[in-house]
Amino acid sequence: MNRRQLIPLAVAAPLAVLPLFLNAYWIDVLNSIGIYAMLGLSLNLIVGHAGLFNLGHAAFYAVGAYTAAIVNTTFGIPVLLLLPVCGLAAGLFALAVARPIIHLRGDYLCIVTIGVGEIVRIALVNNLFGITGGSNGIFGIARPSIFDLTLRTPLHFYYLIWIFVALTVFVFHLLEYSRFGRALNYLREDDVAAEGSGVNTAHYKLMAFVVGAGWAGMVGNIYAAKMTIISPESFTFWESVLMFAIVILGGSGSMPGVLLGAFLIVGLPELFREFANARMLVFGAAMIAMMVFRTQGLIPSRPRIYRIPAVEKGEGRA
Amino acid sequence: MEQFFQQLTNGLAVGSIYALIALGYTMVYGVLKLINFAHSDMFTLGAYLGLTLLTSLALTDHIGPLWGTVVLALMVMGLVAMVGALLDRVAYRPLRESPRLSAVVSALGASIFLQNTVMLIYGARYRVYPHDILPRVALDVFGLQIPLVRILILCASLTMMAMLYIFIQRTRIGTAIRAAAIDQGAARLMGIDVNRVILMVFLVGPALGGAAGLMVGLYYGQINFTMGWGYGLKAFTAAILGGIGNIPGAMLGGVLLGVVESLGAAYLSFAWKDAIAFCVLILILIVRPTGLLGERVAEKV
């Protein structure tokens, strides 16, 4: 094991014992950070890797959360068992929405995703099909349980969420280094060249959207399980902005960057609590300052490195 | 029929307000290829500065309602333009050479900052404009009773748009703005001071946005520090609808959006009012991916 491979361990170990020293309030802050970290990582596939401008990610998160809430409250199926269902629902929704618009160029795609996010929110407020509960939302989602343990305290959810974060990091790491991830990076840099080299760009763009959205749907499920009450307020344009800021501020396309971004974007407003009303003012100023001083993001993504075995052995070196 | 024409004229008035805001988005986008999310707060700022100047100076009592409002509008536009230029200097200028999305996040940060500044100064509650600024009368137009405010807003915004159009098409600096929008590098080689062009854009755009804020205050009578998001988003939608970067496109998109929204709210569903604009946008972009008047950009190979 080289030094870089030790970094995830060095991060994971303190996180595993940290909640034992914190009170319920700060554990809950860490839970929020974990949820946004997962949302950021899923959005990172779309924005960071595929270079698609998505400012409506909250819509897919909402579809997942509402799927969990509706199925759980009507059919009584345990909420965590619905994880794949929520992922599938959000993924299919993304497929239906993105299919006709995926060819739009950068900023046109941006406003359409904002529009989709707003349409979803308005549909939820207007009690679509009479099943979303209007602006009050849905309450009474059954607490999730794993074997005999019913999850109810922040500490329980802390471990559920952060184990899922670890899983997210693992899955998206595999995706990043797969043929799929390389294709996305290629079409992000130059989609005409990618198309010319036989990469089906429309297909890959669509798949990036579907996978990212599907994952956000599963995060929505966890959110619904944690809150037991969900309402349209939790899925506003503002949420999409936060997720977007996490990706860009942390470092577009860089997983450590996105994780750090989640800590800062969700954690900083908590630290600024002493500023009381001026908290968000300071937060906005901090966002500008961070972009001005680190334009590439806090931890920029590194170019892919492929070692040539012969060179490593010391042969053929000039 | 009565209701139809009332909604139509209301839509035209609201649409022309959207168009004024949309012009700010589209001009900045044309030159910098940046979505200036903080533009919506220029609009809010205009509404609040208008309220302050209105109540503190009482201009309308001294020089009559019409001239009072005109002078007030000019003052608001001047102040908001200065904030716009400052915004560019602080939040965007350091990011000229960096990835485009970084500037977008900076814009979002600036928007949060400005919105909260307004909240801290004026408070979070709704503020009410004085009722007696403009006479609350309705004019008889072809048998229709149309509020005077509505007609004045329509006239004022059309005048401003016409002036902007002349400014862009006929003056030296307007030509420079168009040149910089087409190709910044080439414009620089032709001896155009691109930084001055950008400064100009950040003076004119926010000035129009601020005027739009004042109009909303006068039209609806109440303002809130979060109202910028909604109007900004609609105006940005209008700019995209017309083809972003295209000035007549923003005007057309704004007016069209206002009318469609107003009629949709009246005849389809009021609860879905805000969703109608986005549905129209998506439908139009599926057919014309670069908006109504946007140029079809050939793919470079």
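Structure shown above.
Because the structure is a prediction, the values reported are computed rather than measured.

Structural notes on the overall build of chain A
And then number 1: Helix and strand counts for chain A come out as 13 helices and four strands.
And then number 2: Overall size of chain A, expressed as C-alpha extent along the three principal axes, is 70 × 50 × 45 Å.
And then number 3: Long-range contacts, defined as pairs at least 24 residues apart, comprise 77% of the intrachain contacts of chain A with a sequence gap of at least 6.
And then number 4: Summing over all exposed atoms, chain A offers an accessible surface of approximately 14,500 Å²; the carbon and sulfur share of this is 65%.
And then number 5: Counting 20 positive and 15 negative side-chain charges, chain A places the centres of these two groups 5 Å from one another.

Here's the deal with the pattern of salt bridges
And then number 1: Counting across every chain of the model gives seven salt bridges over all chains.
And then number 2: Here E118(A) ties to R121(A) by a salt bridge, and the two come within 3.1 Å at their closest N and O atoms. With E118(A) and R121(A) both in helix 5 (residues 106-125), this residue pair falls three residues apart, about one helical turn.
And then number 3: Here K234(B) makes a salt bridge to D274(B), at a shortest N to O gap of 3.0 Å. In this pair, K234(B) sits in helix 10 (residues 227-242) while D274(B) sits in helix 12 (residues 273-287), placing the two residues 40 residues apart along the sequence.
And then number 4: Within the structure, one salt-bridge network assembled from shared partners comprises K234(B), E261(B) and D274(B).

A look at the environment of L252(B)
Residue and element names in this part refer to chain B.
And then number 1: Along the chain, L252 falls in helix 11 (residues 247-267).
And then number 2: Sequence spacing of L252 and V197 is 55 residues, and the spatial spacing of their C-alpha atoms is 24 Å.
And then number 3: Once you skip the residues sitting within four places of it in the chain, L252 turns out to touch L292 and L293.

A closer look at the interface of chain B and chain A
And then number 1: Of the residues lining the interface, 48 residues belong to chain B; the matching set on chain A comes to 43 residues.
And then number 2: The tally of links from chain B across to chain A stands at zero salt bridges.
And then number 3: In this assembly, chain B and chain A are joined by two residue pairs in polar contact (both at pLDDT 80 or more).
And then number 4: Those elements that provide at least two residues to the side of chain B that touches chain A are helix 4 (65-92), helix 5 (100-122), helix 10 and helix 12 of chain B.
And then number 5: When residues of the side of chain B that touches chain A are assigned to their parent elements, the largest contribution, 15 residues, is made by helix 5 of chain B.
And then number 6: Classifying every residue of the side of chain B that touches chain A gives 34 nonpolar, ten polar and four charged.

Considering the pairing of strand 3 (residues 144-147) of chain B
Residue and element names in this part refer to chain B.
And then number 1: Burial of the side chains of strand 3 is restricted to one face: L144 and I146 are buried, whereas none of Q145 and P147 on the reverse face is.
And then number 2: Where strand 2 (residues 138-141) lies against strand 3, four bridges are found, and the strand directions are antiparallel. Following the sheet pairing, D140 is matched in strand 3 by Q145.
And then number 3: Between the end of strand 2 and the start of strand 3, which pair antiparallel, lie two residues, with F142 showing a positive phi angle near 45°.

Some details on the side chain of T9(B)
All names here are of chain B.
And then number 1: Examined against the element boundaries, T9 turns out to sit in helix 1 (residues 2-32).
And then number 2: Within the local environment of T9, its side chain forms a polar contact with the backbone oxygen of Q6, the two atoms lying 2.9 Å apart.
And then number 3: Discounting residues that sit within four places of it in the chain, T9 has contacts with I146 and R150.

Topic: helix 9 (residues 194-220) of chain B
Residues and elements named next belong to chain B.
And then number 1: For helix 9, with 27 residues, the first-to-last C-alpha span of 39 Å sits near the 39 Å given by 1.5 Å per residue.
And then number 2: The element helix 9 is extensively covered by neighbouring structure, given that 21 of its 27 residues are classed as buried.
And then number 3: If you check the start of helix 9, you find a side-chain oxygen 3.3 Å away from the backbone N of N195, and it comes from D193.
And then number 4: Phi for G221, located one or two positions after helix 9, is positive at around 85°.

Focus: a nonpolar patch on the surface
All names here are of chain B.
And then number 1: A cluster of nonpolar side chains, namely L57, I63, L66, W67, V70, V71, L74 and M75, defines an oily patch on the protein surface of about 720 Å² accessible area.
And then number 2: Looking at which element gives the most residues to the nonpolar patch, the answer is helix 4, with six residues.
And then number 3: Note that W67 resides in helix 4.

Some words on the nonpolar core
And then number 1: Formed by 216 residues in total, the largest nonpolar core has its most connected members in L55(A), I230(A), F244(A), L23(B), F37(B) and L164(B).
And then number 2: The contacts of F37(B), once residues within four sequence positions are left out, are L55(A), I114(A), F237(A), Y25(B), Y92(B), V104(B), A107(B), L108(B) and S111(B).

With respect to helix 12 of chain B
And then number 1: Helix length check: helix 12 of chain B (15 residues) gives 22 Å between terminal C-alpha atoms against 21 Å at 1.5 Å per residue, within 8%.
And then number 2: Residues of helix 12 of chain B that are buried: A275(B), I276(B), A277(B), F278(B), V280(B), L281(B), I282(B), I284(B) and L285(B).
And then number 3: Taken together, the buried residues of helix 12 of chain B touch helix 5 of chain A together with helix 10 and helix 11 of chain B.

Observations regarding the environment of M119(B)
And then number 1: When you line up the elements, M119(B) lands in helix 5.
And then number 2: Placed 107 residues apart in sequence, M119(B) and T226(B) show a C-alpha to C-alpha distance of 8.5 Å.
And then number 3: Not counting chain neighbours up to four residues away, the residues in contact with M119(B) comprise N277(A), A124(B) and F225(B).

Quick notes on unusual backbone geometry
And then number 1: Its identity as a non-glycine residue notwithstanding, T228(A) has a phi of 65°, on the positive side.
And then number 2: Tracing the chain through its elements places T228(A) in the loop between helix 9 (201-227) and strand 4 (229-230).
And then number 3: Residue T228(A) is classed as buried on the basis of its relative accessible area of 14%.
And then number 4: One non-glycine residue, K33(B), lies in positive phi territory at about 55°.
And then number 5: Position of K33(B) among the secondary structure elements: in the loop between helix 1 and helix 2 (39-57).

Quick look at the packing of aromatic side chains
And then number 1: With the rule as written, the count across this model stands at 23 aromatic pairs over all chains.
And then number 2: In this structure an aromatic cluster arises from ring pairing among Y61(A), Y66(A), Y223(A) and F235(A).

A closer look at the environment of L72(B)
Residues and elements named next belong to chain B.
And then number 1: Here L72 is to be found in helix 4.
And then number 2: For L72, a relative accessible area of 2% translates into the label buried.
And then number 3: A C-alpha to C-alpha distance of 7.2 Å links L72 and L54, two positions 18 residues apart in sequence.

So, the packing of helix 2 of chain B against helix 5 of chain B
All names here are of chain B.
And then number 1: Relative to each other, helix 2 and helix 5 sit at 20°, their axes nearing to 9 Å. By the angle between their axes, helix 2 is roughly parallel relative to helix 5. Considering the relative orientation of helix 2 and helix 5, their crossing is left-handed. Together, S40, D41, M42, T44, L45, Y48, L49 and T52 of helix 2 and S111, L114, Q115, V118 and Y122 of helix 5 make up the contact between the two elements.

Section: the side chain of E261(B)
All names here are of chain B.
And then number 1: By the secondary structure assignment, E261 is in helix 11.
And then number 2: E261 sits in the buried class, given a relative accessible area of 3%.
And then number 3: Polar contacts involving the side chain of E261 include one to the side chain of K234, which spans 3.0 Å.
And then number 4: Not counting chain neighbours up to four residues away, the residues in contact with E261 comprise Y18, K234, K273 and A277.

Conventions we followed
- Residues numbered from 1 in each chain as written.
- Chains lettered and ligands numbered in written order.
- Predicted model: local features only at pLDDT ≥ 70, side-chain atom pairs only at ≥ 80, totals over all residues.
- Heavy atoms only, no water.
- Helix = DSSP H or I, 4+ residues; strand = E, 2+ residues; numbered from the N terminus.
- Contact = heavy atoms within 4.5 Å.
- Areas by Shrake-Rupley, 256 points an atom, 1.4 Å probe, with all protein chains shown as cover.
- Lys, Arg positive; Asp, Glu negative; His and termini not counted.
- Charge placed at Lys NZ, Arg CZ, Asp CG, Glu CD.
- Salt bridge = Lys/Arg side-chain N within 4 Å of Asp/Glu carboxyl O.
- Polar contact = N/O pair within 3.5 Å; in protein donor to acceptor, adjacent residues only side chain to side chain.
- Nonpolar A, V, L, I, M, F, W, Y, C, P; charged D, E, K, R; others polar.
- Buried < 20%, exposed > 50% of the residue type's maximum accessible area, 1.4 Å probe, protein only.
- Pairing = 2+ DSSP bridges.
- Expected span 1.5 Å × (residues − 1).
- Patch = residues over 30% accessible without salt bridge, like charges linked within 9 Å, V, L, I, M, F, W, Y side chains within 5 Å.
- Core = buried A, V, L, I, M, F, W, Y, C linked by side-chain atoms within 4.5 Å.
- Phe/Tyr/Trp six-rings, centres within 6.5 Å; stacked < 30°, edge-to-face > 60°.
- Axes fitted to C-alpha atoms, helices over the stretch in contact; angles between N-to-C directions.
- Parallel < 35°, antiparallel > 145°, perpendicular 65-115°, else oblique.
- Left-handed = near helix turned anticlockwise from the far one by under 90°.

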